[in-house]
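Commentary on secondary and tertiary structure
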Amino acid sequence: MEKLTLVGDRQWVPLVTGGEVRRLDLDYAATAPCAAQVRDAVDEILPWYGSVHRGDGFPSAVCTELQEACRESVRAFAGARADDTVIFTRNTTDSLNLLAHALPADCEVFGFATEHHANLLPWERRTVHRLPVPDGPAHALALLDAALASAAPGGGGGSRLVTLAGASNVTGEVWPVAELARVARRYGARIAVDAAQLAAHRPLDMSGWDVDYVAFSGHKLYAPYGAGALVGRPDWLDAAAPYLAGGGATRHVDLQTVDWAPSPQRHEAGSPNFLGNYALATACELLHASLRSGLVEQEERLTALLERELAGIPGLRVHRMWDERHPRVGTVTFTVRGHEPGLLSAALSAEHGIAVRTGRFCAHPLVKHLLGDGHGGGNAVRVSIGAGITEQDISDFVWALAGLVERGPAWSYRAEGARFVPDPDPRPMPELSHGARVRLRAAERRERAVRTPVGAACGG
Ligand SMILES: Cc1ncc(COP(=O)(O)O)c(C=O)c1O
């Protein structure tokens, strides 16, 4: 397999306790590091950068050709059918909102309470059949079957969409997508997969699974250049009003009428994020190969090791929906009795240079179901792995966590909501260009003035 190498991997970061350490990123589920191959591909094409579908210059011709070729890389990565449309978006949230916008007026939506907010909230304007957290994959199939059966007595007339995550961003558990698609088909329903968490860890197979739509984000696929994709059946998308109205989405305009183009252009008005789309397609090609030549097995081994080592920490509980034998991607959420999740996460970063995540991971209903409201204020710690992580990294993380659990942090922290921040924080900002340093200092001043932590938003 072509090894995915990562930009900024093992970079030195300062510690509050003094000195520096090589950073360890265990927060791939929020955003993965950039692959060096993706960066290099973008750098290579940058001198040829020009407008897409909008210019007669030679760079425009190059970029227009490439952008259309990128759709084919994304299509192959998704395992899509030849007639599926590939629409470039900003990210998974954007893709799912686009699909929600394009649903036929009579469409009813079916989904579980386990979803990320990006796959809970866009459907709100529809009739939504929200199914409870299933206690196993077989229960999930039974719940969906029953919901579709009771919502469509006698076969029903309107359209239906089942929408679910391919893998949970909280527990990493992989959903039985193909089996759920079979249930959906029995009732003439379509199925959309939020592959934000699955796509970097398992090959996608839309046609094999008989899935109608998938959505994913480049930044979770080692391509953080601001692009994502919605791939799927074009008919609903071609019948819907354009997601955005504007240039590039039309065939002809006069002051009385507009002749809108079919998808993908119909929903891509405005100048495209060509470099983002190019980065996404490059990552898709890279991952298409890596996931079929060892990356999946390597991540499975490391996830099993992580779970075994975490089991040795007193009071630590891993949260999952289903039986521990159920397959999962390398995402593990846990709490430790008597320890604030936010404090553990802050101290891991400030004292050990290890990045994990704390909170409810934009999946509040599922986290509440798993944790209740009690300990940790309903928050947890999430650790997530991907390409480039080694056994040594897992051991280093567990060693640092075990030390914090046993002895507590070595520094003082103040609470800001569910988060904790070092107080004081003596870490110098990195040696960046003059402009970047000025911007960082300005952000720090603003933060102190309003006491709003930069980046305190939900994040996946
Ligand atoms: C399962 C799932 N769906 C959707 C999203 C939203 O992705 P994005 O923020 O890239 O739109 C996330 C983000 O973490 C996620 O984990």
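Located above this text is the structure these notes cover.
The rules behind the values
Residues numbered from 1 in each chain as written. Predicted model: local features only at pLDDT ≥ 70, side-chain atom pairs only at ≥ 80, totals over all residues. Heavy atoms only, no water. Near = heavy atom within 4 Å. Polar contact = N/O pair within 3.5 Å; in protein donor to acceptor, adjacent residues only side chain to side chain. Areas by Shrake-Rupley, 256 points an atom, 1.4 Å probe, with all protein chains shown as cover. Nonpolar A, V, L, I, M, F, W, Y, C, P; charged D, E, K, R; others polar. Core = buried A, V, L, I, M, F, W, Y, C linked by side-chain atoms within 4.5 Å. Buried < 20%, exposed > 50% of the residue type's maximum accessible area, 1.4 Å probe, protein only. Helix = DSSP H or I, 4+ residues; strand = E, 2+ residues; numbered from the N terminus. Domains from an automatic or database assignment. Contact = heavy atoms within 4.5 Å. Pairing = 2+ DSSP bridges. Right-handed = clockwise from strand over helix to strand, strands pointing away. Axes fitted to C-alpha atoms, helices over the stretch in contact; angles between N-to-C directions. Parallel < 35°, antiparallel > 145°, perpendicular 65-115°, else oblique. Left-handed = near helix turned anticlockwise from the far one by under 90°. Salt bridge = Lys/Arg side-chain N within 4 Å of Asp/Glu carboxyl O.

A short note on the site of the ligand
In the vicinity of the ligand lie 14 residues, with T93, D194, Q197, S217 and K220 positioned nearest. One nitrogen or oxygen atom from the side chain of D194 is found 2.5 Å from a nitrogen atom belonging to the ligand. Starting from 390 Å² of accessible surface for the ligand in isolation, the protein chains cover 92%. Here the shell around the ligand is built from residues that sort into three nonpolar, nine polar and two charged.

Quick notes on the nonpolar core
F216, Y222, V231, L310, F334, F397 and L401 are the most contacted members of the largest nonpolar core, which has 117 residues in total. Per-element accounting of this core gives the leading share, 10 residues, to helix α8 (residues 274–290). Looking at this core, you find at least three residues from each of domain 1 (12–33 + 295–450) and domain 2 (84–270). Residue contacts for L310: discarding those within four places in its chain leaves L316, V318, V332, F334, F397, V398 and L401.

Observations regarding the pairing of strand β8 (residues 190–194)
The element β8 is extensively covered by neighbouring structure, given that five of its five residues are classed as buried. What you see with β8 is no split at all: R190, A192 and D194 on one side and I191 and V193 on the other are buried throughout. Pairing of strand β7 (residues 160–165) with β8 involves five bridges; the strand directions are parallel. What sits directly across from A165, in β8, is D194. Between the parallel elements β7 and β8, the chain passes through helix α5 (residues 177–186) in a crossover that is right-handed. Examined bridge by bridge, β8 and strand β9 (residues 213–217) share three bridges and lie parallel to one another. When the sheet's bridge partners are listed, V193 is paired in β9 with V214.

Thoughts on the packing of helix α9 (residues 295–310) against helix α12 (residues 391–407)
Remark: α9 packs on α12, axes separated minimally by 10 Å, with the N-to-C direction vectors making an angle of 20°. Taken together, the axes of α9 and α12 are roughly parallel relative to one another. Viewed along their axes, α9 and α12 form a crossing whose handedness is right-handed. Only E391, I394, S395, F397, V398 and L401 of α12 make contact with α9, whose side of the interface consists of L302, L305, L306, E309 and L310. Looking at side-chain class alone, the contact of α9 with α12 contains eight nonpolar, one polar and two charged residues.

Details of the sheet that holds strand β4 (residues 85–89)
Taken together, seven strands build an open sheet; the order of strands is β4-β10-β9-β8-β7-β5-β6 and the sheet is mixed. Taken across any chain shown, the strands that pair with only one partner, and hence form the sheet edges, are β4 and β6 (127–131). Going from strand to strand, the sheet's axes swing by 20° on average, the running direction of each strand aside.

Remarks on the pattern of salt bridges
When the charged atoms of two side chains with opposite charge come close together, those side chains can pair. Summed over all chains, the structure comprises 23 salt bridges. Among the ionic pairs, R233 bridges to D212, the shortest N-O distance being 2.6 Å. With a gap of 21 residues between them, R233 in the loop between β10 (228–232) and α7 (234–239) and D212 in the loop between α6 (206–209) and β9 connect regions that are remote in the sequence. One salt bridge connects R325 with D323, and the closest N-O pair in it is separated by 2.7 Å.

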